[in-house]
Amino acid sequence: MLAFRRAGCAGLLSLTVLGSACGGDKSAPPGILDGNAGAGGEGGNAPREPCAKSPKNVADTTLAEAYAQHFKFGVALNGFTFFDDASARADLARTEFNRATAENAMKWSSLEPTEGEYDFEAADAFVEFAEANAMQIHGHVLLWHEQVPDWVFETDRAGLLGRLEQHMAALADRYAGRVAYWDVVNEAFEDDGSLRNTPWRQILGDDYIQEVFAMADRYFPDAKLVYNDFNMYQPGKRDRVLRMLDDFDEAGVRIDAIGMQAHYHLYFPAIETIEEALTAYGDAGIEVLVTELDVNVLPIPNRSNPADENFDPDPYVECLPESVDALVADRWGELLSLFVRHADDISSVTTWGLDDGLSWLNGDRTNYALLFDRDLEPKSNYVRVIEVADE
Ligand code: XIL
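Residues numbered from 1 in each chain as written. Predicted model: local features only at pLDDT ≥ 70, side-chain atom pairs only at ≥ 80, totals over all residues. Heavy atoms only, no water.

1. Regarding the nonpolar core
Then, number 1: In this structure, Trp200, Leu336 and Phe339 are the most contacted members of the largest nonpolar core, which totals 115 residues.
Then, number 2: In this view, Trp200 contacts Trp108, Leu143, Trp144, His145, Val148, Val152, Phe153, Leu160, Leu164, Gly205 and Tyr208; residues no more than four positions away in its chain are not counted. (Core = buried A, V, L, I, M, F, W, Y, C linked by side-chain atoms within 4.5 Å. Buried < 20%, exposed > 50% of the residue type's maximum accessible area, 1.4 Å probe, protein only. Contact = heavy atoms within 4.5 Å.)

Take a look at the structure:
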């Protein structure tokens, strides 16, 4: 399944991050957006630009330290890190970050691929790694329509509620008091604010979100309960989430925070668009977590000319050109400045992965989505992010 084969702006974001993600992409040079940037890649006649190099003499601090004054700095971890405590990746994770999310280890398909056969190996290793390194643990995820085995849905309403309850009970039993935040429901709304028509909704009915939070409240009384979604800046989704918070309030159901998955692109959404949403959430008085931050730098497939034969979906195989690297650093700087401006409402920022080599945004292309390069060296965007902490 190739992300870049999808049409339109949404395609390059992810297989799940869909919708009209193109809002606010006003400043994108067409050459880069439509895959004809020509630099650093293979083929094409454009003159080659020098490759970006990761900077030397990086400031003697860490993301966690630099941002301690504002919010926690987290990272999504997978087995390359938590299964190998002596690895360079483990060192990097424990040095730079003070918060951790399991990228996949706590999803239903990892924990109970077959009914009744639990596999806690990865989740245990993740939790032990985080605890050993004093990283706050973010549990991801109790209810999602992806990475959940088919057998879960082969039942009726009462049966599905029973399975979810058992699932929560198993996690509560094993990790009671150890997980600080749980993503209770993930990606339940479309960008326009309508309810996503998942098997959860089809089987449990339109009011399932509140019911599931009430259930989570019983099993995880000590954890903060989070609603997590992508494109949380989209006005339709944003307003729907705000209405949901009011509804919970009225019904007396606990919800403690919202998670803004921040799967952004180099050129969109516009900072102002994200800021409008942050202001609205702040006004509503809800704690905000920036949960899944990464910045996709790859071109949008056939955006300006669907028949373009020169379209190169993977222009940076060899390296990222210096000029693009500089834009990437600017983008990360603007994003972190924005989060610092809203630090009163934001309790953590978490990058979705440790280093470029591990980012899910690579798919089968070569992306540069995170703060550390493939040799685990801090990149120009890291330097900018550290600078921004003190502005
Ligand atoms: C992604 C992981 O990063 C991939 O390794 C996996 O193959 C698919 O899921 N929204 C979420 C995350 O809530 O769980 C997703 O993580 C990215 C989109």
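Now that the structure is up, let's keep going.
2. Observations regarding unusual backbone geometry
Then, number 1: Look at the link from His140 to Val141: it is a cis peptide, with omega at 20°.
Then, number 2: Checked against the element boundaries, Val141 lands in strand E3 (residues 136-143).
Then, number 3: The amide bond that connects Phe268 to the next residue, Pro269, takes the cis arrangement and shows omega of -5°.
Then, number 4: Checked against the element boundaries, Pro269 lands in the loop between strand E7 (263-265) and helix H11 (271-283).
Then, number 5: For Asn57, which is not glycine, the phi dihedral falls at a positive 50°.
Then, number 6: Structurally, Asn57 is set in the loop between helix H1 (30-33) and helix H2 (63-67).
Then, number 7: Assessed through its relative accessible area of 79%, Asn57 is described here as exposed. (Helix = DSSP H or I, 4+ residues; strand = E, 2+ residues; numbered from the N terminus.)

3. Regarding a negative patch on the surface
Then, number 1: A grouping of Asp246, Asp247, Asp249 and Glu250 is seen on the molecular surface, where their side chains present a negatively charged patch.
Then, number 2: Tracing the backbone through its elements, the reader meets Glu250 in helix H10 (residues 235-251).
Then, number 3: The exposed category is assigned to Glu250, whose relative accessible area is 74%. (Patch = residues over 30% accessible without salt bridge, like charges linked within 9 Å, V, L, I, M, F, W, Y side chains within 5 Å. Areas by Shrake-Rupley, 256 points an atom, 1.4 Å probe, with all protein chains shown as cover. Salt bridge = Lys/Arg side-chain N within 4 Å of Asp/Glu carboxyl O. Lys, Arg positive; Asp, Glu negative; His and termini not counted. Charge placed at Lys NZ, Arg CZ, Asp CG, Glu CD.)

4. Structural notes on the pairing of strand E6 (residues 257-260)
Walk down a regular strand and you will see the side chains alternate between the two sheet faces.
Then, number 1: Here E6 shows a buried face lined by Ala257 and Gly259 and a second buried face lined by Ile258 and Met260.
Then, number 2: Note: strand E5 (residues 224-229) against E6, four bridges, orientation parallel. Its bridge partner being in E6, Tyr227 is matched across the sheet by Ile258.
Then, number 3: For the crossover that starts at E5, traverses H10 and ends in the parallel E6, the hand is right-handed.
Then, number 4: Relative to strand E8 (residues 287-296), E6 runs parallel, the two sharing four bridges. Within E8, the position partnered with Gly259 by the bridge is Leu289. (Pairing = 2+ DSSP bridges. Right-handed = clockwise from strand over helix to strand, strands pointing away.)

5. Overview of empty space enclosed by the protein
Then, number 1: This structure, assessed with the given rule, holds two cavities of 30 Å³ or more.
Then, number 2: In this structure, the largest cavity spans a volume of roughly 50 Å³.
Then, number 3: Taken together, Lys107, Trp108, Val141, Leu142, Leu143, Trp144, Glu146, Gln147, Val148, His167 and Trp200 form the lining of the largest cavity.
Then, number 4: In terms of residues, the lining of the largest cavity owes the most to one element, E3, which gives three residues.
Then, number 5: Broken down by class, the residue content of the lining of the largest cavity amounts to seven nonpolar, two polar and two charged. (1 Å grid on protein atoms, 1.4 Å probe; cavity = no way out; pocket = protein on both sides within 12 Å on 5 of 7 lines; lining within 4 Å. Points joined across faces, edges and corners; volume = space filled by probe spheres on them. Nonpolar A, V, L, I, M, F, W, Y, C, P; charged D, E, K, R; others polar.)

6. Observations concerning the pattern of salt bridges
Then, number 1: Tallied over the full model, the rule gives 20 salt bridges.
Then, number 2: Between Arg178 and Glu131 there is a salt bridge, with the nearest N and O atoms lying 2.8 Å from each other. Taken together, the positions of Arg178 in the loop between helix H7 (157-175) and strand E4 (181-186) and Glu131 in helix H6 (residues 121-132) put the pair 47 residues apart, joining distant regions of the chain.
Then, number 3: Note on Glu131: relative accessible area 36%, which makes it partly exposed.
Then, number 4: A salt bridge links Asp239 to Arg238, with the shortest nitrogen-to-oxygen separation between them at 3.1 Å.
Then, number 5: Since its relative accessible area comes to 33%, Asp239 is described here as partly exposed.

7. Side note on the state of the cysteines
Then, number 1: A complete count under the given rule lists one disulfide for this structure.
Then, number 2: Disulfide pairing is shown between Cys51 and Cys319; the S-S distance is 2.1 Å. Measuring handedness by torsion sign, the sulfur bridge of Cys51 and Cys319 sits at about -75° and is left-handed. One end of the pair, Cys51, is in the loop between H1 and H2; the other, Cys319, is in the loop between E8 and helix H12 (322-341), with 268 residues separating them in the sequence.
Then, number 3: For Cys51, a relative accessible area of 28% gives the class partly exposed. (Disulfide = S-S within 2.5 Å.)

8. Looking at the packing of aromatic side chains
Then, number 1: Throughout the structure, instances matching the rule amount to 17 aromatic pairs.
Then, number 2: Ring geometry for Phe73 and Phe97: centres 6.2 Å apart, planes at 50°, overall tilted. Taken as a pair, Phe73 in strand E1 (residues 72-77) and Phe97 in the loop between helix H4 (88-96) and strand E2 (99-102) lie far apart in primary sequence, 24 residues in all.
Then, number 3: A residue is classified by how much of its surface remains accessible, and Phe97, at 3% relative accessible area, is buried.
Then, number 4: Measuring from centroid to centroid gives 6.2 Å for Phe120 and Tyr175, while their planes differ by 75°, and the two rings are edge-to-face. (Phe/Tyr/Trp six-rings, centres within 6.5 Å; stacked < 30°, edge-to-face > 60°.)

9. As for the environment of Gln202
Then, number 1: In this fold, Gln202 is placed in helix H8 (residues 199-204).
Then, number 2: Residues Gln202 and Phe153, 49 residues apart in the sequence, show an inter-C-alpha distance of 9.9 Å.

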